[in-house]
Amino acid sequence: MREFAYLRPTVAEEAVALLAASPDARCLAGGTNLVDLMKLGVEQPRLLVDLGRLPLDRVAPLPDGGLRIGALVRNGDLAAHPAVRAAYPAVARAVLSGASGQLRNRATTAGNLLQRTRCLYFQDVTKPCNKREPGSGCPAREGVHRDLAVLGASDHCIATHPSDLAVALTALDATVELLGPDGPRSLSITDLYRLPEDRPDLENRLLPGELITAVALPPAGPEVRSDYRKARDRASFAFALASVAVCLTVREGRIADAKLAFGGLAPKPWRARAAEDLLLGALPEEANFAAAVEAELAAARPLRDNGHKVPLAHNLMVRVLVELTERGGHG
Amino acid sequence: MADLRRLEGREKVTGAARYAADVHPPDCVFAVPVPATVARGTVTAVHTAAALADPRVLAVLTHRTARRLHPVDDPALAVLQSPKVAHRGQYVALVVAETLRAAEQAAAEIRVDYRQEPHDVLLTEDHPRAYTPEEANGGHPAQRAHGDFAAVYAAAEVRLDAVYRIGPLHNHALEPHAATAWWQDGRLTVHDSSQGATLVQETLAALFGLERDRVLVVSEHVGGGFGAKGTPRPHVVLAALAAQEVGRPVQLSLPRAQLAAVVGHRAPSVQRVRLAADRAGGLLGLAHEVLSQTSTVREFVEQTAVPARVMYRSPAALTVHRVVAQDIPTPSWMRAPGECPGMFALESAMDELAQLCGLDPVELRLRNEPDREPDTERRFSSRHLAECLREGARRFGWADRDPSPGVRREGRLLVGTGVAASTYPALVAPSTAEVRAESDGTYRVLINATDIGTGARTALAVVAAEALEVPADRVRVDIGRSDLPRAPLAGGSCGTASWGWAVHKAATGLRAEPGLGTVRASTREEVKALDQSYARHAFGAQFAEVQVDVDTGEVRLRRLLGVFAAGRIVNPPTARSQLVGGMVMGASMALLEESTMDPAFGDHAERDLAAYHVAVNADVPRVDAYWIDEDDPHLNPPGAKGIGELGIVGTAAAVANAVHHATGIRVRRLPLSSRVLLQALESAHRQGRR
């Protein structure tokens, strides 16, 4: 690990100023991913800006009936929060399916959204990786890629986004609140992330010096049914082979609203717009679910060793949709 | 003797126990090794200027600058002696610095030039350089045959011909390999995370050309080893070299990401099993042919076909090992080398045979119980496999089992049960030990045994207390130092038998003549005099219940039950922990552990515990271990067979057999991952068999 300077600002504007002044700086929140990457030599910041003293660790109701989650709310606290459990069970389930109890007690909401891929080549500085060193190549494409992307990948990068929380937030249409040198702004979570194309090193649309300060959830209507489910070989402490998040509203026997997202399949949480369009107005029946999900996954481009992700994601999504409509309640 | 709780338990849970990297002598500095980034070639230059520019960096050792070592049996220990790179990850330089961070940073700044050569790392079944070695690990003949297998097989009514595959597996002890070393007045002191300080002492003395008594090795607490710490590894040699170079104590703790390349691993294997039987399930012929992989540094051939020489009566049998030497990290011992991977194949095949014959798999095994060791015709000193199978079946509720595969559904889950047998040889090695009567009425046991988490200390206290006829709380056990009476390493599941024998002898001697105050005993003559006409093995039966999600292919273990016959169980609490631990590791191997040889780079791609999945608590909901009281007079005075490795053997097959019972799908490859199961379920579904 390279040595670094370490600062602990107490107000967000101060943190933003530090970050804006030092392109080599990194934000430290829970440290559950960044510190690992520093040990591996993947990240070598000159300055660590520890955000731990910023007052961003509250979960509070919004005037419109939604919920604002501070950037520094710990994953463990988020999953246990009564308002989250009551109105956004998919969020609680997503968070609880991630990492281990120890990690969840450290990891934060914004840190979770900005964690880096666990692609084995990205993590190994003795090997090329376009995300780490643009232009150096992507050995994963021919190499070990059974956990890597089948959707949204490019010739330059097939990494997957590792977050569970981001997938649930994507299906909830969450908004990410930012603070930068030019003041606050907000982005839809689906606009937060970029696809790799020919610049896999650029993963999100944060501007230099910008911080995530909070995540805002829209009101959870009483008819919305939501759930999150994750498939993995190990029963705990494993990234998703595939995961699904669903927010579904059925009104008068027809699907009035459907928001679907996949995790573990793509370089970002994958919002399944094609499937959603097909489901709008449809009868909530297994055949319709299957056809819609199949249409979405027609875009999948699996590689030699990750083709299993396509049927896996398909089955998971259809199963969650069937269960949500059959039992008629939240996850 | 009452059950004795782990003697060092309090030290461990309070953090008082000192492991190799917890030792910080004054002026201690830190070493960080630099691994090769090519799979085969020659180092042509090591650029050290950038690293040495940091004033905190004390030295950079390379093959040019490192002191010459004397050759020893394991060429992997000839660190920094040659510019040749035999595999990716082999060490090509070593940085020593005042702080760990400075050493890490400097190591990252070292650039190495190579003349790279094409490498060959993938084990293929028709590899042109595959050969039959002279012998496999443990001195077992590579090849054995009796009867005319080919003729018997050709004529048999029931035949099975199946190939089973296991990828590379890694030991990954919780405590990584680490050493702290210093020199003083021509003497070398090393705290090493090792399974045997005596062997480390002898090896370091040989490498550095020292009298043995000028080397002290301490391995007081060791956080697991599973075989990877059985022999000295490169880190301890590097620490000693570095300490000599800088004239200060040096600490070296290997990052987990480097372990797969330098500490040994279980080599991948391709195992073809052919069984010939009559319709009633009586075995007529058994062939177990194994292909595995070794490095160009050292030949290590796991004795994978050896358990097939022990298990079942068969008039004709053929057991063969073949190996190919490639540009890979050198494989080594991993918990139950041979028995563990071999029994996955053999016990899966027996399950397949049971199905072909329409027999219950427990019954099939009982029908093929031999009255003598099949390969040698020797009598068994004791063999209670049949009792283990029956007792296990009773405890597990096996009689209620519907044998049909793929028919038990609970919602979206398929549920099944499976059985497999386990075996491990009852080995013993000569040992010395000393027992002293102290003036306060307590006793001290002195022996260079090692407790790698097995409960060895505690078991030895029980053995000594029994022989002395005193309560165990009056016995203190000193182990884990090479200046204690010499003892074999903690390997081969023979610790309690070997060390316990010497402790028993010394303690018995002291009780007979208390006036001596101190008795030192050696079992060399007794071990040499052991009656070789007996075959000595422990046995067991493992039962597993699993569920398989039809939508995702996720396999989850529901319960695991083992019943073992392993001589006298010296101390039940620590023994149960050993057996349960072995079973958990076997379940982990069955369902989770997956290591991939990257063909382009020539290394194992999964380099941490987030990528190389070992079982966590949530994966092992219920694991029970029981044993049969076995009184075997042909072993040793404690009457013990080993249990450190027995628990892992057979577990993977029991789980795989349960997966077959649940799904109707036979997977002959580990791990039984979602990927493999889902593909098989989908294809079965398409064929309308589900």
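The model shown is predicted, which means the values in this text are computed figures rather than measured ones.

J.: If you had to explain the layout of surface pockets to someone new, which residues and values would you point to?
T.: Residue and element names in this part refer to chain B. As a volume, the second largest pocket reaches approximately 950 Å³. Together, 35 residues line the second largest pocket, and Gly167, Ser595, Thr596, Met597 and Arg669 are the ones closest to its centre. Those elements that provide at least two residues to the lining of the second largest pocket are strand 10 (158-166), strand 15 (269-277), strand 29 (669-670) and helix 16 (674-686). Per-element tally for the lining of the second largest pocket: the top contributor is helix 16, with three residues. Here the lining of the second largest pocket is built from residues that sort into 15 nonpolar, eleven polar and nine charged.

J.: Outline the interface of chain A and chain B, supporting the account with residue identities and numerical values.
T.: In this assembly, 31 residues from chain A lie in contact with 37 residues from chain B. Carbon and sulfur atoms make up 54% of the surface buried where chain A meets chain B, a total of about 3000 Å² over both sides. It is Arg146, Asp233 and Arg234 of chain A in chain A that bury the most area against chain B; as a group they hold 22% of the surface buried on that side. Here chain A is connected to chain B by seven salt bridges. For Glu3 of chain A, the salt bridge is made with Arg56 of chain B, and the minimal N-O distance between the two is 2.7 Å.

J.: Now, about the packing of aromatic side chains: what can you tell me, with residues and values included?
T.: Aromatic ring pairs are reported here in terms of the distance separating the ring centres and the angle at which the planes meet. Residues and elements named next belong to chain B. With the rule as written, the count across this model stands at eight aromatic pairs over all chains. Measuring from centroid to centroid gives 6.0 Å for Tyr164 and Phe344, while their planes differ by 85°, and the two rings are edge-to-face. You can see Tyr164 sitting in strand 10 and its partner Phe344 sitting in helix 8 (residues 339-357), a full 180 residues away along the chain. As far as the burial class goes, Tyr164 and Phe344 line up, both buried. Members of the aromatic cluster, joined through ring pairs, are Phe396, Trp398 and Phe543. Across from the ring centre of Tyr626, 3.7 Å away, lies the NZ or CZ of Arg395, which sits over that ring. The ring centre of Phe396 lies 3.8 Å from the NZ or CZ of Arg559, which sits over that ring.

J.: Account for the UniProt feature "domain: FAD-binding PCMH-type" (unreviewed entry) in chain A, naming residues and giving values.
T.: Mapped onto this numbering, the UniProt entry gives "domain: FAD-binding PCMH-type" (unreviewed entry) at residues 1-222 of chain A. Spanning residues 1-222 of chain A, this segment combines 26% helix with 17% strand, and its end C-alpha atoms are found 50 Å apart.

J.: How would you explain the UniProt feature "domain: Aldehyde oxidase/xanthine dehydrogenase a/b hammerhead" (unreviewed entry) in chain B if you had to name every residue and give the values?
T.: According to UniProt, the "domain: Aldehyde oxidase/xanthine dehydrogenase a/b hammerhead" (unreviewed entry) feature falls on residues 14-118 of chain B. Annotated as residues 14-118 of chain B, this span is 14% helix and 33% strand, and its ends, taken at the C-alpha atoms, are 51 Å apart.

J.: Tell me about the nonpolar core, and please be specific about residues and values.
T.: One recurring pattern in soluble globular proteins: nonpolar side chains tend to sit buried together. Core analysis: the biggest nonpolar cluster contains 94 residues, and Leu275, Phe543, Leu557, Val655 and Leu672 of chain B have the highest contact counts within it. Beyond its immediate chain neighbours, meaning those up to four positions away, Phe543 of chain B contacts Val362, Cys388, Leu389, Gly392, Ala393, Phe396, Trp398, Gly418, Val419, Arg559, Leu560 and Leu561 of chain B. The next biggest cluster of nonpolar side chains, apart from the first, holds 51 residues, and it includes Leu19, Leu172, Leu178 and Leu206 of chain A.

J.: Give a description of the packing of helix 5 (residues 197-208) of chain B against helix 6 (residues 234-246) of chain B that names residues and reports values.
T.: Residues and elements named next belong to chain B. One way to put it is that helix 5 packs onto helix 6 with a least axis distance of 11 Å and a crossing angle of 50°. Comparing the axis directions of helix 5 and helix 6 gives the class oblique. Relative to helix 6, the crossing made by helix 5 is right-handed. Note on element contacts: helix 6 touches helix 5 through Val236, Val237, Ala240, Leu241 and Gln244, opposite Val200, Leu204, Leu207 and Phe208.

Rules and cut-offs
Residues numbered from 1 in each chain as written. Chains lettered and ligands numbered in written order. Predicted model: local features only at pLDDT ≥ 70, side-chain atom pairs only at ≥ 80, totals over all residues. Heavy atoms only, no water. 1 Å grid on protein atoms, 1.4 Å probe; cavity = no way out; pocket = protein on both sides within 12 Å on 5 of 7 lines; lining within 4 Å. Points joined across faces, edges and corners; volume = space filled by probe spheres on them. Helix = DSSP H or I, 4+ residues; strand = E, 2+ residues; numbered from the N terminus. Nonpolar A, V, L, I, M, F, W, Y, C, P; charged D, E, K, R; others polar. Contact = heavy atoms within 4.5 Å. Buried area = accessible area lost by both parts, 1.4 Å probe. Salt bridge = Lys/Arg side-chain N within 4 Å of Asp/Glu carboxyl O. Phe/Tyr/Trp six-rings, centres within 6.5 Å; stacked < 30°, edge-to-face > 60°. Buried < 20%, exposed > 50% of the residue type's maximum accessible area, 1.4 Å probe, protein only. Lys NZ or Arg CZ within 6 Å of the ring centre and 35° of its normal. UniProt positions renumbered as here; feature names shortened; annotations may be inferred. Core = buried A, V, L, I, M, F, W, Y, C linked by side-chain atoms within 4.5 Å. Axes fitted to C-alpha atoms, helices over the stretch in contact; angles between N-to-C directions. Parallel < 35°, antiparallel > 145°, perpendicular 65-115°, else oblique. Left-handed = near helix turned anticlockwise from the far one by under 90°.

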